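Below, each chain spelled out in residue letters.
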Amino acid sequence: MSYQLYRNTTLGHTLQESLDELIRLGQISPNLALQVLLQFDKAVNNALANRVKSKISFKGKLNTYRFCDNVWTFVLNNVEFRELPVQELTTVDKVKIVACDGKGAEPKG
């Protein structure tokens, strides 16, 4: 099973809205829409795990943190992000990081 975190991105929301419209117009079934979303989850998780090679470091002031159901959630204030090795700096006032254990998230097959 892939994590569904990326459905809450602009791309994920747009996909869901498009699928809802196609269901409303009777062009696809709700079951097909669900299959498309499951494939989206797998594709995004796979791409991030295998294709992204960039690395960043960050530091900021920890506001809150939580660990529930094997998912860490951190909220940081005044965060500095540095892209490595370029050392390009970006600063934001507030950021929320959700971290899930990727090991064992995909069934062996």
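As annotated in an unreviewed UniProt entry, the chain carries the name Transcription initiation factor IIA subunit 2 and is attributed to Patella caerulea. What UniProt records for the chain under Function (unreviewed entry) is the sentence "TFIIA is a component of the transcription machinery of RNA polymerase II and plays an important role in transcriptional activation." In the Sequence similarities (unreviewed entry) part of its UniProt record, the chain is described as follows: "Belongs to the TFIIA subunit 2 family."

J.: Mind showing me how you'd approach the overall build of the chain here?
T.: What the chain contains, in helices and strands, is two helices and three strands. Start at the N end of the chain and walk to the C end: the helices and strands fall as α-α-β-β-β. Scaling as 2.2 N^0.38, a compact globule of 109 residues should have a C-alpha radius of gyration of about 13 Å, whereas the chain reaches 17 Å, well beyond that. Judged by the C-alpha coordinates and their principal axes, the chain covers about 50 × 35 × 30 Å. Residues counted as buried form 17% of the 109 residues belonging to the chain. A fraction of 41% describes how many contacts in the chain between residues 6 or more apart in sequence connect residues 24 or more apart. When the accessible surface of the chain is summed, it comes to about 8,600 Å², and 55% of that surface belongs to carbon and sulfur atoms. Counting 14 positive and 11 negative side-chain charges, the chain places the averaged centre of each group 6 Å from the other.

J.: Where do I start with the sheet that holds strand 1 (residues 55-68) in this structure?
T.: In sheet architecture, strand pairing relies on hydrogen bonds along the backbone and comes in two forms, parallel and antiparallel. Spatially, the three strands line up as an open sheet ordered 1-2-3, and their pairing is antiparallel. Taken across any chain shown, the strands that pair with only one partner, and hence form the sheet edges, are strand 1 and strand 3 (88-100). Each neighbouring strand pair of the sheet contributes to a mean axis angle of 20 degrees, computed without reference to strand direction. Two elements, strand 2 (residues 71-84) and strand 3, share 12 bridges in a ladder whose sense is antiparallel. Bridge assignment links Glu 83 to a residue of strand 3, and that residue is Glu 88.

J.: Got a minute to help me understand the packing of aromatic side chains in this structure?
T.: The geometry of two aromatic rings is summed up by the distance between their centres and the angle between their planes. By the definition in use, this model includes four aromatic pairs. Ring geometry for Phe 67 versus Trp 72: centroids 4.7 Å apart, planes at 40 degrees, classification tilted. Overall, the relative accessible area of 45% leaves Phe 67 in the partly exposed class. Residue Trp 72 is classed as partly exposed on the basis of its relative accessible area, which comes to 35%.

J.: Which parts of the structure should I look at to understand the state of the cysteines?
T.: Here a disulfide denotes a covalent bond joining the sulfur atom of one cysteine to the sulfur atom of another. A complete count under the given rule lists zero disulfides for this structure. Of all cysteine sulfurs, the one in Cys 100 lies closest to Cys 68, which takes part in no disulfide; the gap is 11 Å. The class of Cys 100 is partly exposed, set by a relative accessible area of 25%.

J.: When you look at the pairing of strand 2 in this model, what are you seeing that I'm missing?
T.: On a regular strand, one side chain projects to one face of the sheet and the next to the other, so that they alternate. In terms of strand pairing, strand 1 meets strand 2 through 12 bridges, oriented antiparallel. The partner of Phe 67 across the bridge, within strand 2, is Trp 72. The antiparallel pairing of strand 1 with strand 2 creates a hairpin that spans two residues between the two strands, and Asp 69 there sits at a positive phi of about 55 degrees. In this antiparallel pair of consecutive strands, strand 2 and strand 3, the connection spans three residues, and Gln 87 shows a positive phi of 70 degrees.

Here is what the cut-offs are and how they apply
Each chain carries its own residue numbering, running from 1 in the direction its sequence is written. Selection of residues for local features in this predicted model requires a pLDDT of at least 70, selection of side-chain atom pairs for listing and counting requires 80 or more, and totals for whole chains, interfaces and linings are taken over all residues. Remark: hydrogens and water are excluded; side-chain values derive from all non-hydrogen atoms of the structure. UniProt positions are given in the numbering used here, feature names are shortened, and annotations may be inferred rather than shown by experiment. For the purposes of this entry, the term helix denotes a DSSP run of H or I that reaches at least four residues, the term strand denotes a run of E that reaches at least two, and both are numbered from the N terminus. Within these notes, the globule rule equals 2.2 Å times the number of residues to the 0.38 power, and the radius of gyration is based on C-alpha atoms. Relative accessible area decides the class of each residue, using a 1.4 Å probe on protein chains only: under 20% of the type maximum gives buried, over 50% gives exposed, and in between gives partly exposed. It only takes one pair of heavy atoms within 4.5 Å for two residues to be counted as in contact. A 1.4 Å probe and the Shrake-Rupley method give the accessible areas. Residues count as covered only by the protein chains that appear here. For the purpose of charge, His is not counted, nor are the chain termini; Lys and Arg are scored as positive and Asp and Glu as negative. Think of each charge as sitting on NZ of Lys, CZ of Arg, CG of Asp or CD of Glu. Strands pair, by our definition, only if DSSP identifies at least two bridges between them. Axis lines are fitted to C-alpha atoms, over the contacting stretch for helices. Their N-to-C directions set the angle, which ranges from 0 to 180 degrees. A pair of aromatic rings is counted whenever rings of Phe, Tyr or Trp (Trp by its six-membered ring) have centres within 6.5 Å, and the orientation is called stacked for planes under 30 degrees apart, edge-to-face for over 60 and tilted otherwise. By convention in this document, the label disulfide applies to cysteine sulfur atom pairs within 2.5 Å.

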